[in-house]
Amino acid sequence: MSSTVVPQGVRHNFDPDALREKYRAERDKRIRADGNDQYVEVTGDFSHYVDDPHATPGFTREALVQKVEVVIIGGGFGGMLAAARLREAGITNFILIEKGGGFGGTWYWNRYPGASCDIEAYVYLPLLEETGFVPRQKYTNAEETLEYCEVLAQRYRLREQALLQTQVKSVSWQESSRRWQVKTDRGDQLQARFIIHSNGPLNRPKLPGIKGIDQFKGHTFHTSRWDYAYTGGTSFGELTNLEDKRVAIIGTGATAVQCVPHLAASAKALYVFQRTPSSIDVRNNQPTDPDWISAQRAGWQKRRQTNFESIMSGLPVKEDLVGDGWTEAFRNLFGGLGDSMPSKARLAWWAIQGAFSSKRRERGLKQYLTDKAVQHMGLPQKMEMADFEKMEKVRARADALVSDKSTAESLKPYYRQFCKRPCFHDEYLQSFNRDNVTLIDTHGRGVEAFTEKGVLFDGEEYEVDCIIFATGFEVGTDYSRRAGYSIEGVNGLTVTEKWQDGMATFHGLHARGFPNSFFFGPIQSGFTAAFTYALDENSIHAAYIIDQLRQRGATRVEASAKAESDWVKTVIQKARLTEDFQKSCTPGYYNNEGHVQFQPQNTFYGGGPMEFFELMAKWRGKGKLDGLELQLSTYE
Ligand code: NDP
């Protein structure tokens, strides 16, 4: 490995030019013309892939026809938090509709072996102080997360107001009654004054549209509907039925990284078909120290969440309370822990983001612009160097843990760390040292075809008994398609029509033409790695607005045209400079499978989540409901 002097005079044990070239080559060989169209939708012959393996079969109930104040769609953390915050605000007349047989959303569906949350539980699991629940480990597994969802459901009495195993089919705005008509697959007809859409950004599984996918005669399923009846075992592993089975898993994203070690431990033979390797850093899970948790003072969770999100936003903090791979990666990117003065790297990051709004940032930015040393620093290059350094460590980890040199080489990711979701795992890489496990590196091409007996790649047929699709979820497709129901607003306007040329919202939550609605999604809103934090902020905001409307006697609320277009402009202004980064990345759902049709309005709020939540809190603090048009009439 060559040692190169980069312009800042910093010596690195890698050659940046060679790495840049390698990253480009790895991206180029993965770009494909069909982009998102390479996947098949799980409808028609494929619809069984989304059947619910956990729900009680044969469930029936009477259809519900009634008026209700709020309908919440989705029983994941977003829906549960919305219900909790509504209840806290004294709004108890709500109905929550969930297609699964229980609460948990993504955690209800994703119970594959090894399923676990890689964001620290003390940050990720919301309302820990309110419920008194103590996570058993720093990173919770799926079972404990589901257990916690039941705790939340009981604490906020959600079950008595939930329609489970119920799928919304359509929602349509009725101007005469100023209500939403909600229809479900169980014949329910609800007239809701308000509606909260909390469908989850990754809820619709996708399958690779590969030749012969319907030809394979063995068993198949998607990781989000794990078939324990076939594999045996539980989400902790011990997949005893696989002892005499040859298994193929397609995909090596965050999900596969967690389930491969269990498949490797149980299957007679495991073939892991890789198109692009994930970056796998250290996990280091630990049991919760009872002394530590009991020593925490009131308000500890909010402080910890704020600390985590601040680091993830590049804001200065005095200490890193979480101290894990996520915070290390961001601290690394932003140039070390911030004290009272922002680091130069951080200042420039804010400049890149166009995030000049807070006074503290303005002060810092002025200093940055007048600091000649910084002008010579070449900041994007500095960030790139930090990224190279990090990824070199990740690649070295593959060498250290995987005994076969060529397999280790195949497992090394050659792209910038945040081109794909970073993964953290302490057993994944070692799985490839087992004799029963084979990595099939497709060098970016992916699996070629399925046959009656197995999987075809490079002219070789791998005969297997079972194929598991760890191929992820739809992201870039139409909102209604992913939600699974149609949404018709004023004068029959659909969300598909509304957003066909790009997203337009006010604060990410309201969309003109869709009165009395709240959309919980990351686009044009504050996006956090600990997504539950953003969902809670959305819930607090929605509950505040609904409460205010009731107090003011407003039965209709809609974002004004100006507020919406101003917000879109703000989002565009702050997001402008991410296009080049996205284009430089290997394809995946982060960059629309490499087809970067860059629409800056289709991004998160670029000032970072903490700035966004601060903005929302200030907006509520003013108490004026600025940007919303209210129509008053009697509440019946
Ligand atoms: P991803 O979309 O991240 O991964 C899909 C995988 O399938 C990729 O490796 C992809 O390769 C591969 N693939 C697709 N088509 C083919 C093909 N034709 N041949 C071979 N491979 C193919 O889905 P995941 O379910 O892994 O993760 C989705 C998200 O869920 C994560 O990004 C994360 O946000 C969340 N998650 C969170 C966890 C947590 O701890 N909090 C744990 C697990 C998931 P390629 O990369 O080349 O496209």
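### Digging into the pairing of strand β20 (residues 466-469)
So, step 1. Burial of the side chains of β20 extends over both faces: C466 and I468 are buried on one face and I467 and F469 on the other.
So, step 2. Examined bridge by bridge, strand β11 (residues 219-222) and β20 share 4 bridges and lie parallel to one another. Bridged to F221 within β20 is I468.
So, step 3. In terms of strand pairing, strand β12 (residues 246-250) meets β20 through 4 bridges, oriented parallel. Bridged to V247 within β20 is C466.

### Observations concerning the pattern of salt bridges
So, step 1. Scanning all chains against the criterion turns up 43 salt bridges.
So, step 2. Between K302 and E537 there is a salt bridge; the shortest N-O distance is 3.2 Å. A residue pair is termed long-range when its members are at least 10 positions apart, and K302 in helix α10 (residues 300-313) and E537 in helix α19 (residues 531-552) qualify at 235 residues.
So, step 3. A residue is classified by how much of its surface remains accessible, and K302, at 41% relative accessible area, is partly exposed.
So, step 4. Across the salt bridge formed by R445 and E448, the nearest N and O atoms sit 3.4 Å from each other.
So, step 5. One salt-bridge network, held together by shared partners, links K22, E26, K29 and R30.

### Examining the packing of aromatic side chains
So, step 1. A complete count under the given rule lists 31 aromatic pairs for this structure.
So, step 2. When the centroid spacing of 5.5 Å and the interplanar angle of 50 degrees are considered together, the rings of Y605 and F612 count as tilted. Summarising the burial analysis for this pair, Y605 and F612 share the class buried.
So, step 3. Among the aromatic side chains, those forming a connected cluster through ring pairs are Y533, W567, Y605, F612 and F613.
So, step 4. Between the NZ or CZ atom of R225 and the centre of the ring of W109, over which it lies, the distance is 3.8 Å.

### So, the confidence of the model for the protein chain
Should pLDDT be low for a region, the predicted coordinates there are not to be read in detail.
So, step 1. Summary statistics for the protein chain give a mean pLDDT of 89 and a share of 90% for residues scoring 70 or more.
So, step 2. Low confidence marks residues 1-10, where pLDDT is under 50. Its contacts with residues over four positions away, or in another chain, come to 26 contacts.
So, step 3. Segment residues 336-344: pLDDT under 50, and 26 contacts once partners within four positions in sequence are set aside and those in other chains are kept.

### Digging into the nonpolar core
So, step 1. Counting residues in hydrophobic clusters, the biggest one holds 112 residues, and the most contacted among them are F77, I249 and L263.
So, step 2. Apart from the residues within four sequence positions on either side, I249 is in contact with A256, C259, V260, L263, L270, Y271, V272, F273, I468 and A470.
So, step 3. A192, Y479, M503 and F514 belong to the second largest nonpolar core, which has 25 residues in total.

### A closer look at unusual backbone geometry
So, step 1. Positive phi, normally seen in glycine, also occurs at N491, with a value near 55 degrees.
So, step 2. Positionally, N491 belongs in the loop between β21 (486-488) and α18 (495-498).
So, step 3. The phi angle at N516 is positive, at roughly 55 degrees, despite the residue not being glycine.
So, step 4. Along the polypeptide, N516 turns up in the loop between α18 and β22 (517-519).
So, step 5. Looking at N516, the relative accessible area reads 1%, which means it is buried.

### Focus: the site of the ligand
So, step 1. The local shell around the ligand holds 26 residues, among which D118, T255, T276, K420 and Y589 are the closest.
So, step 2. Within the side chain of T255, one N or O atom sits 2.6 Å away from an oxygen atom of the ligand.
So, step 3. Coverage of the ligand by the protein chains reaches 89% of its 930 Å² of free accessible surface.
So, step 4. Looking at the shell around the ligand, the element that brings in the most residues is helix α8 (residues 254-266), giving 3 residues.
So, step 5. Here the residues of the shell around the ligand sort into 12 nonpolar, 10 polar and 4 charged.

### Some remarks on the sheet that holds strand β17 (residues 449-450)
So, step 1. With antiparallel pairing, the 3 strands of this open sheet are ordered in space as β17-β18-β19. Of all the strands in the sheet, just β17 and β19 (460-463) have a single pairing partner and so form its edges.

### A look at a nonpolar patch on the surface
So, step 1. Taken together, the side chains of L202, Y589 and Y590 present a nonpolar region at the surface, about 250 Å² in accessible area.
So, step 2. By the element assignment, L202 lies in the loop between β9 (189-197) and β10 (207-208).

### Some points on the state of the cysteines
Here is the idea: a disulfide is a covalent bond, and it sits between the sulfur atoms of two cysteines.
So, step 1. Evaluation of the coordinates by the stated rule reveals 1 disulfide.
So, step 2. Across the disulfide, C419 is cross-linked to C585 (sulfur-sulfur distance 2.0 Å). Note on the C419 and C585 pair: the S-S dihedral is about -75 degrees, so by sign convention the disulfide is left-handed. Placement of C419 in the loop between α16 (405-410) and β15 (423-424) and of C585 in the loop between α21 (579-584) and α22 (609-622) is noted, with a sequence separation of 166 residues between them.
So, step 3. Its relative accessible area of 2% is what places C585 among the buried residues.
So, step 4. C117 supplies the cysteine sulfur nearest to C149, a cysteine that is in no disulfide, at a spacing of 11 Å.
So, step 5. Unpaired in this structure, C259 has its nearest cysteine sulfur neighbour in C466, at a distance of 11 Å.
So, step 6. Residue C259 is classed as buried on the basis of its relative accessible area of 0%.

### What to know about the packing of helix α2 (residues 77-88) against α19
Each pair of packed helices gets described by two things: the angle between the helix axes and the distance between those axes.
So, step 1. At a minimum axis separation of 8 Å, α2 and α19 run at an interaxial angle of 35 degrees. For the crossing formed where α2 meets α19, the hand is right-handed. Between α2 and α19, the residues in contact are F77, G78, L81, A82, R85 and L86 and T532, L535, D536, S539, I540, A543 and I546, respectively.

### Overview of the sheet that holds strand β16 (residues 437-441)
So, step 1. Strand order in the open sheet formed by 5 strands is β11-β20-β12-β13-β16, with parallel pairing between adjacent strands. Looking at strand neighbours, the two that pair on one side only are β11 and β16, the edges of this open sheet. Each adjacent strand pair in this sheet contributes to an overall mean axis angle of 15 degrees, direction not counted.
So, step 2. On top of the sheet, α8 reaches β12, β13 (269-274), β16 and β20; it is set at about 170 degrees to β12, its chief contact.

### Topic: the environment of I119
So, step 1. Relative to the elements of secondary structure, I119 occurs in the loop between α3 (106-109) and α4 (121-124).
So, step 2. Each C-alpha atom of the pair I119 and S172 lies 37 Å from the other, and the pair is 53 residues apart in sequence.
So, step 3. Leaving out residues up to four positions away in the same chain, I119 has contacts with Y124, Y139, F308, W326, A529 and A530.

### Overview of the side chain of H222
So, step 1. Tracing the backbone shows H222 in strand β11.
So, step 2. Assessed through its relative accessible area of 1%, H222 is described here as buried.
So, step 3. Side-chain polar atoms of H222 contact the side chain of S224, separated by 2.9 Å.

### Side note on helix α20 (residues 561-575)
So, step 1. Taking 1.5 Å of rise per residue, the 15 residues of α20 would be expected to cover 21 Å, and the 21 Å separating its terminal C-alpha atoms lies within 8% of that figure.
So, step 2. Restricting attention to buried positions, one finds in α20 the residues A563, E564, W567, V568, V571, K574 and A575. Along the axis of α20, the buried positions cluster into a sector of 135 degrees, meaning they face one direction only. Those residues of α20 that are exposed and angled more than 90 degrees off the buried face are K562 and K569.

Cut-offs applied
Within each chain, residues carry numbers counting from 1 in the order of the written sequence. It should be noted that, the model being predicted, local features are given only for residues of pLDDT at least 70 and side-chain atom pairs only at 80 or more, the latter also being counted only at that level, while totals for whole chains, interfaces and linings use all residues. Side-chain measures here rest on the full set of heavy atoms in the structure, leaving out hydrogens and waters. The cut-offs for exposure are 20% and 50% of the maximum accessible area for each residue type, with area from a 1.4 Å probe on protein chains only; residues under the lower value are buried, those over the upper are exposed, and the others partly exposed. Each helix is a run of DSSP H or I of at least 4 residues and each strand a run of E of at least 2, with the numbering of both proceeding from the N terminus. Two strands qualify as a pair provided DSSP detects at least 2 bridges between them. For this analysis, a salt bridge means a side-chain nitrogen from Lys or Arg found within 4 Å of a carboxyl oxygen belonging to Asp or Glu. Aromatic rings from Phe, Tyr and Trp, with only the six-membered ring used for Trp, were paired whenever their centres fell within 6.5 Å, and each pair was classed as stacked if the ring planes differed by under 30 degrees, edge-to-face if by over 60, and tilted otherwise. Consider the ring centre and the ring normal. A charge sits over the ring if Lys NZ or Arg CZ is within 6 Å of that centre and within 35 degrees of that normal. The predictor reports its confidence for every residue as pLDDT, a score running from 0 up to 100. Whether two residues are in contact is decided by their heavy atoms, any of which lying within 4.5 Å being enough. By nonpolar core is meant a set of buried Ala, Val, Leu, Ile, Met, Phe, Trp, Tyr and Cys residues that side-chain atoms within 4.5 Å join together. The nearness test applies per residue and asks whether one of its heavy atoms lies within 4 Å of the molecule or strand. The definition of a polar contact used here is a pair of N or O atoms within 3.5 Å, where within protein one atom must be able to donate a hydrogen and the other to accept one, and adjacent residues in sequence count solely through side-chain atom pairs. Residue burial considers only the protein chains on display, and all accessible areas are found by Shrake-Rupley using a 1.4 Å probe. Ten residue types, Ala, Val, Leu, Ile, Met, Phe, Trp, Tyr, Cys and Pro, are classed as nonpolar, four, Asp, Glu, Lys and Arg, as charged, and the remainder, Gly among them, as polar. Nonpolar side chains (Val, Leu, Ile, Met, Phe, Trp, Tyr) are joined into patches within 5 Å and like charges within 9 Å, using only residues with over 30% relative accessible area and no salt bridge. The criterion for a disulfide is a pair of cysteine sulfur atoms lying within 2.5 Å. Fitted lines through C-alpha atoms give the axes, limited to the stretch in contact for helices. The angle between two N-to-C directions lies from 0 to 180 degrees. In a left-handed crossing the near helix is turned counterclockwise from the far helix by less than a right angle, and in a right-handed crossing that turn is clockwise. Helices are assigned an expected span. That span is 1.5 Å times one less than the residue count. What the arc covers is the set of directions going from the helix axis to the C-beta atoms.

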